[in-house]
Amino acid sequence: KYANAGLFVVAEWINPTGRSGHVVVILPGEARYNKRLKKDMPQTMDTGENKRKYQNNYIDDSFGKNKIPHVVFYYYKN
């Protein structure tokens with residue numbers, strides 16, 4: 001919703017082990033419904049390991065189903 005409104009949106013997951021977490025940019029556009037999680041998944045720009053080769057990445061691709069409940073969204077409004 002916020003990305004489609006023109007705001008800059010990121011999503012992050014903090015690794016509880018203290019190792020590297022993960023951050024993605026949320027892209028404007030149509031979300032993909034995930035039946036298993038029963039939620040819409042926004043499209044992402046992901047530069048994580050082995051993610052650069054995909055053109056249509058969604059947030060469940062970027063983080064995986066076990067991390068999705070712990071992902072936090074932030075947006076910048078000028």
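Just so we're clear, the structure is a prediction, and the values are computed from it rather than from any experiment.

(A) Seen up close, the overall build of the chain. A tally of helices and strands in the chain yields 1 helix and 7 strands. When its helices and strands are written in sequence order, the chain yields β-β-β-β-β-β-α-β. Scored against the burial criterion, the 78 residues of the chain give a buried share of 33%. Restricting to contacts in the chain with at least 6 residues of sequence separation, those with at least 24 account for 42%.

(B) Quick peek at the pattern of salt bridges. Throughout the structure, instances matching the rule amount to 2 salt bridges. Between D60 and R32 there is a salt bridge, with the nearest N and O atoms lying 2.8 Å from each other. Of this pair, D60 sits in helix α1 (residues 59–63) while R32 sits in strand β3 (residues 32–34); the two residues are 28 residues apart in sequence, bridging distant segments of the chain. Among the residues examined, R32 registers a relative accessible area of 31% and is labelled partly exposed. Residue D61 pairs with R32 through a salt bridge whose shortest N-O separation is 3.4 Å. Pair noted here: D61 is in helix α1 and R32 is in strand β3, with a separation of 29 residues, a long-range link.

Rules behind the numbers
Residues numbered from 1 in each chain as written. Predicted model: local features only at pLDDT ≥ 70, side-chain atom pairs only at ≥ 80, totals over all residues. Heavy atoms only, no water. Helix = DSSP H or I, 4+ residues; strand = E, 2+ residues; numbered from the N terminus. Buried < 20%, exposed > 50% of the residue type's maximum accessible area, 1.4 Å probe, protein only. Contact = heavy atoms within 4.5 Å. Salt bridge = Lys/Arg side-chain N within 4 Å of Asp/Glu carboxyl O.

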